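Listed below are the residues making up each chain.
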Amino acid sequence: MSYVDEVLEKVKAKNADQPEFIQAVTEVLNSLRPVVDANEEQYRKLAILERITEPDRQIMFRVPWVDDKGQVQVNRGFRVQFNNAIGPYKGGLRLHPSVNLSIIKFLGFEQVFKNSLTTLPIGGGKGGSDFDPKGKSDNEIMHFCQSFMTELYKYIGADTDVPAGDIGTGAREIGFMFGQYKRIRDLYEGVLTGKGLTYGGSLARTEATGYGLLYLTQELMKCHGESMEGKVVAISGSGNVATYAAQKAQQMGAKVVTLSDSTGWIYDPEGIDIELLKEVKEVKRARLTEYAAARKSAEYHEKKSADDHGVWNIKVDIALPCATQNELNLEDAKALVANGVKAVCEGANMPTTIEATEYLQKNGVWFVGGKAANAGGVATSALEMSQNSERLSWSFDEVDSKLKGIMVGIYHAIDDAAKKYGKEGDYVAGANIAGFEKVVNAMIAQGVV
Ligand code: NDP
Ligand code: 2IT
């Protein structure tokens, strides 16, 4: 049996109750076959694949907090520190009721390769909680964040592990967590990224994931003789990534016609009104129904079932899934291909199922997975860390132009890696191979640790 198959079997047996983690490892290891086959003897002896699929450590803890009625609530907190071969652990904190160890491990595993692709010195980690921020008062959010940090602070630090935002964790939550860390440790350091601009945050971090996704997509289109001008784009989600992806796509001359949230989706054939979207989502923290109510050209569609991903049934040139994992399945991929989609680039982490990815690739769609396409967020987090270390802050244009350079660089790195291993056009393999090579070289150089 090949080394890859042997390790895949072990990972499946050891983590049988973790479907998302198994899915992420299966995708990565399968696409690493050419590199692993070429180095099989050495990697097997050094147990490289066993080591890279087992987190350095997994921390789980109780998060008790008091709600506005005086009732004590208990959530579960997580931090998985996956691999720090190339830098301090780095990755977001997800606050969503679906959060469990499988989801945090899949995200942490992906983060290792993504962070490597940025070219910046950051290892991979992820954390979060099954806390549901929806419907909570600011006071409840603060109590939760303070309690969460009262345990998490023991394991993180500016040179150890630097968390950031993800689903459900934005500027408000990062602010409360930073305040509590500073109070407990009496240390003013860049322990979190995505901070507010008055206390060490970086300009362009809010926009970075969405903007970065579009810089990479634009380069992909350019290298295939196309431009963004006049392209029709479907985006799912309506949070941080979706909002700034939509904004940048429209700045580039494309028209974004869809958005979604957990209860429904909108079709707006005239193109999304970004200012209205921000007012509804960022200021009022309301549902997309409010967007549709305020905009004549928009149709609102209530979600009919958990598997209703209506946005992928609209005829578009480019699809950018920006909500959550497994939100674009085989049926959705078939609908996109039937409608002539040219490119699918993932703003979210693992939004496309393995079957859907294979179908898109077989049908000639240019497909770029999240660990390359959404790396702009964490790359800009690393730029925030640099600014914190030198106690300076850079202008928006300086950060944005570095972000653009990084995303264009990532596209060429994954394109070259795919070509080098005879897989031209397979950007999934290219991203996994390019990300893996740097981490493995560092692991080998550092010995068995
Ligand atoms: P937000 O919380 O800002 O927005 C998430 C969006 O996705 C919301 O519209 C939300 O709808 C929707 N959504 C979340 N979970 C589900 C679900 N289970 N079913 C249907 N819709 C859902 O998160 P972000 O925009 O920050 O993150 C989106 C994706 O991008 C995630 O996969 C994240 O891991 C990834 N990512 C984020 C980065 C960042 O810098 N923020 C960087 C790289 C990747 P609703 O409001 O109804 O819940
Ligand atoms: O998935 C991701 O890359 C993020 N949520 C951003 C992580 C970060 O540290 O900025």
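Before reading on, note that the structure itself is shown above.
Residues numbered from 1 in each chain as written. Chains lettered and ligands numbered in written order. Predicted model: local features only at pLDDT ≥ 70, side-chain atom pairs only at ≥ 80, totals over all residues. Heavy atoms only, no water.

J.: Could you give me a rundown of the pattern of salt bridges, with the residues and numbers involved?
T.: This structure, assessed with the given rule, holds 25 salt bridges. Between Glu110 and Lys371 there is a salt bridge, with the nearest N and O atoms lying 3.4 Å from each other. In this pair, Glu110 sits in helix α6 (residues 101–117) while Lys371 sits in helix α15 (residues 370–373), placing the two residues 261 residues apart along the sequence. Take Glu110 and Lys371: they sit in the same class, and that class is buried. One salt bridge connects Asp273 with Arg295, and the closest N-O pair in it is separated by 3.9 Å. In this pair, Asp273 sits in the loop between β8 (264–267) and α11 (274–283) while Arg295 sits in the loop between α12 (288–294) and β9 (299–302), placing the two residues 22 residues apart along the sequence. Look at Arg295 and you get buried, because its relative accessible area is 18%. Several salt bridges converge on common partners, so that one network encompasses Glu6, Glu40 and Arg44. (Salt bridge = Lys/Arg side-chain N within 4 Å of Asp/Glu carboxyl O. Helix = DSSP H or I, 4+ residues; strand = E, 2+ residues; numbered from the N terminus. Buried < 20%, exposed > 50% of the residue type's maximum accessible area, 1.4 Å probe, protein only.)

J.: Could you give an account of the site of ligand 1, with specific residues and numbers?
T.: Near ligand 1 you find 26 residues, and of these Asp166, Thr209, Ser262, Arg287 and Asn349 are the closest. Separating an oxygen atom of ligand 1 from a side-chain N or O atom of Lys134 is a distance of 2.9 Å. In this structure, Val241 approaches ligand 1 through a main-chain N or O atom, which is 2.9 Å from an oxygen atom. For ligand 1, the accessible surface in isolation is 880 Å², of which the surrounding protein chains cover 84%. Its residues assigned to classes, the shell around ligand 1 comprises 5 nonpolar, 13 polar and 8 charged. (Near = heavy atom within 4 Å. Polar contact = N/O pair within 3.5 Å; in protein donor to acceptor, adjacent residues only side chain to side chain. Areas by Shrake-Rupley, 256 points an atom, 1.4 Å probe, with all protein chains shown as cover. Nonpolar A, V, L, I, M, F, W, Y, C, P; charged D, E, K, R; others polar.)

J.: Describe in detail the packing of helix α1 (residues 3–14) against helix α2 (residues 19–31), supporting the description with residues and values.
T.: At a minimum axis separation of 10 Å, α1 and α2 run at an interaxial angle of 175°. Considering their axes alone, α1 and α2 lie roughly antiparallel with respect to each other. Contacts between α1 and α2 pair Val4, Val7, Leu8, Val11 and Lys12 from the former with Phe21, Ile22, Val25, Thr26, Leu29 and Asn30 from the latter. Residues that form the contact of α1 with α2 fall into these classes: 8 nonpolar, 2 polar and 1 charged. (Axes fitted to C-alpha atoms, helices over the stretch in contact; angles between N-to-C directions. Parallel < 35°, antiparallel > 145°, perpendicular 65-115°, else oblique. Contact = heavy atoms within 4.5 Å.)

J.: Lay out the sheet that holds β9 in plain terms, naming residues and giving numbers.
T.: By way of backbone hydrogen bonds, the strands of a sheet pair with one another, either parallel or antiparallel. Read from one edge to the other, the open sheet built from 7 strands follows the order β9-β8-β7-β6-β10-β11-β12, with strand pairing classed as mixed. Sheet topology places β9 and β12 (366–368) at the edges, where each strand pairs with a single neighbour. Across this sheet, the average inter-strand angle for adjacent strands is 15°, counted without regard to direction. The pairing of β8 with β9 spans 4 bridges and is classified as antiparallel. Bridge pairing links Tyr267 to Glu299 in β9. (Pairing = 2+ DSSP bridges.)

J.: Residue-level account of the site of ligand 2, with values.
T.: In the vicinity of ligand 2, 14 residues are found, and the nearest of them are Lys90, Lys114, Asp166, Arg205 and Ser381. Within the side chain of Lys90, an N or O atom sits 2.7 Å from an oxygen atom of ligand 2. Between ligand 2 and Gly165 there is a distance of 3.1 Å, counted from a nitrogen atom to a backbone nitrogen or oxygen. The residue makeup of the shell around ligand 2, split by class, is 2 nonpolar, 7 polar and 5 charged.

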